[in-house]
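The chain contents come next:
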Amino acid sequence: MSSPAPTPGAFAPAITALGGAAFASELLAALNQSVPIDHVCLMRFVDRARPPVLESASWRGGAHVAEVQRAYLDGLYRFDPNLNLPAQSGVVFRHLRRAAIVNADYREACFVRAGLLERLTVAVADAGQLVLLNLYRLDPSGPFAAGEIATVEKLSRFLAALAIKHVGTLGMLLRSRDRADRIAALAARLHALDGRLTLRERDVLSRVMLGVTSEGIALDLGIGLNTVLTYRKRAYARLGVTSQAELFSLCL
């Protein structure tokens, strides 16, 4: 027997947040009204040979999220079973148990170290890209019950549509000719990538990615040049990058 699905109104905040930094958190909150989920991660692969763009949110736990994501992006993504999905369009639902993961390095770094026990995936190939919505359970929460799996599977087409819409909305904002839209979209991407970044750090880095000089950023934000450099240095350290090129690679 499946768990009762969240009501349509439960997803209203997630729909409102499409294209923004709060989408993953709002989607996780909606799902938790029916199925306990500890962590959600949305990934977009443009080329399966390259690391994805990803964003995530945690309901419980989350202490090792940054460490796991870094290991994944640094190369372990190549061993993700989801990359074996067919390239044709359509929604695919998958259930992965930690014990079933073949590659030991991937299993240890991306599941065992973070205490992740199981993963439900809603996958969709769209316009040449692969979008994955991953829903996780931690060891203390125990495995997904059969009814919980059935509930998420019934929602899979709706969840896939939300994920594609979010990715598309964010992409349109990033391609917008309106400078304010692009800054807002880049700031949202930075927040989704690392929630530790402060508002000012996101303000600075979003303008760095637009190609604004440090002097221009200082004038734009009404702060001193040294303050801009301090924010940039601190934000680079949080993200583990050392240059504008690395920032682009990580975020876009």
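Residues numbered from 1 in each chain as written. Predicted model: local features only at pLDDT ≥ 70, side-chain atom pairs only at ≥ 80, totals over all residues. Heavy atoms only, no water.

1. A look at the packing of helix H7 (residues 179–193) against helix H8 (residues 199–209)
A pair of packed helices is characterised by two quantities: the angle between their axes and the separation of those axes.
Thought 1: The interhelical angle for the contact between H7 and H8, taken along N-to-C directions, is 120°, at an axis separation of 9 Å. Between H7 and H8, the angle falls in the class oblique. Along this stretch, H7 crosses H8, giving a crossing that reads as right-handed. Listed contacts from H8 to Arg 179, Ile 183, Leu 186, Ala 187, Leu 190 and His 191 of H7 are Arg 202, Leu 205, Ser 206, Arg 207 and Met 209. (Axes fitted to C-alpha atoms, helices over the stretch in contact; angles between N-to-C directions. Helix = DSSP H or I, 4+ residues; strand = E, 2+ residues; numbered from the N terminus. Parallel < 35°, antiparallel > 145°, perpendicular 65-115°, else oblique. Left-handed = near helix turned anticlockwise from the far one by under 90°. Contact = heavy atoms within 4.5 Å.)

2. Description of the packing of aromatic side chains
Thought 1: Tallying each qualifying case throughout the model produces six aromatic pairs.
Thought 2: With centroids separated by 6.3 Å and ring planes inclined at 55°, the aromatic side chains of Tyr 72 and Tyr 77 adopt a geometry described as tilted. Each of the two residues, Tyr 72 as well as Tyr 77, counts as buried.
Thought 3: Aromatic ring contacts, followed pair by pair, group Phe 45, Tyr 72, Tyr 77, Tyr 106, Phe 111 and Tyr 136 into a single cluster.
Thought 4: A cation over an aromatic ring shows up here: Arg 137 above the ring of Phe 144, its NZ or CZ 4.6 Å from the ring centre. (Phe/Tyr/Trp six-rings, centres within 6.5 Å; stacked < 30°, edge-to-face > 60°. Buried < 20%, exposed > 50% of the residue type's maximum accessible area, 1.4 Å probe, protein only. Lys NZ or Arg CZ within 6 Å of the ring centre and 35° of its normal.)

3. Here's the deal with the state of the cysteines
Thought 1: Overall, the coordinates contain zero disulfides when judged by the stated rule.
Thought 2: For Cys 41, which is in no disulfide, the shortest distance to another cysteine sulfur is to Cys 110 and amounts to 10 Å.
Thought 3: The exposure class assigned to Cys 41 is buried, which follows from its relative accessible area of 4%.
Thought 4: Exposure remark for Cys 110: the relative accessible area of 5% places this residue in the buried category. (Disulfide = S-S within 2.5 Å.)

4. What to know about the sheet that holds strand S3 (residues 90–97)
Thought 1: Taking strand neighbours across the sheet as the criterion, the five strands line up as S2-S1-S5-S4-S3 in an open arrangement whose pairing is antiparallel. This sheet does not close on itself; its edge strands, each paired only once, are strand S2 (53–58) and S3. Across the sheet, the mean angle from the axis of one strand to that of its neighbour is 15°, orientation sign disregarded.
Thought 2: Where strand S1 (residues 39–45) meets strand S5 (residues 129–138), seven bridges bridge the pair, whose relative direction is antiparallel. For Arg 44, the partnering residue across the bridge sits in S5 and is Val 131.
Thought 3: Together, S1, S2 and S5 form the strand contacts of helix H2 (residues 23–31), whose direction differs from that of S2 by roughly 45°.
Thought 4: Each of S1 and S2 is contacted by helix H3 (residues 65–73), which is oriented at about 160° to S2, the strand it contacts most. (Pairing = 2+ DSSP bridges.)

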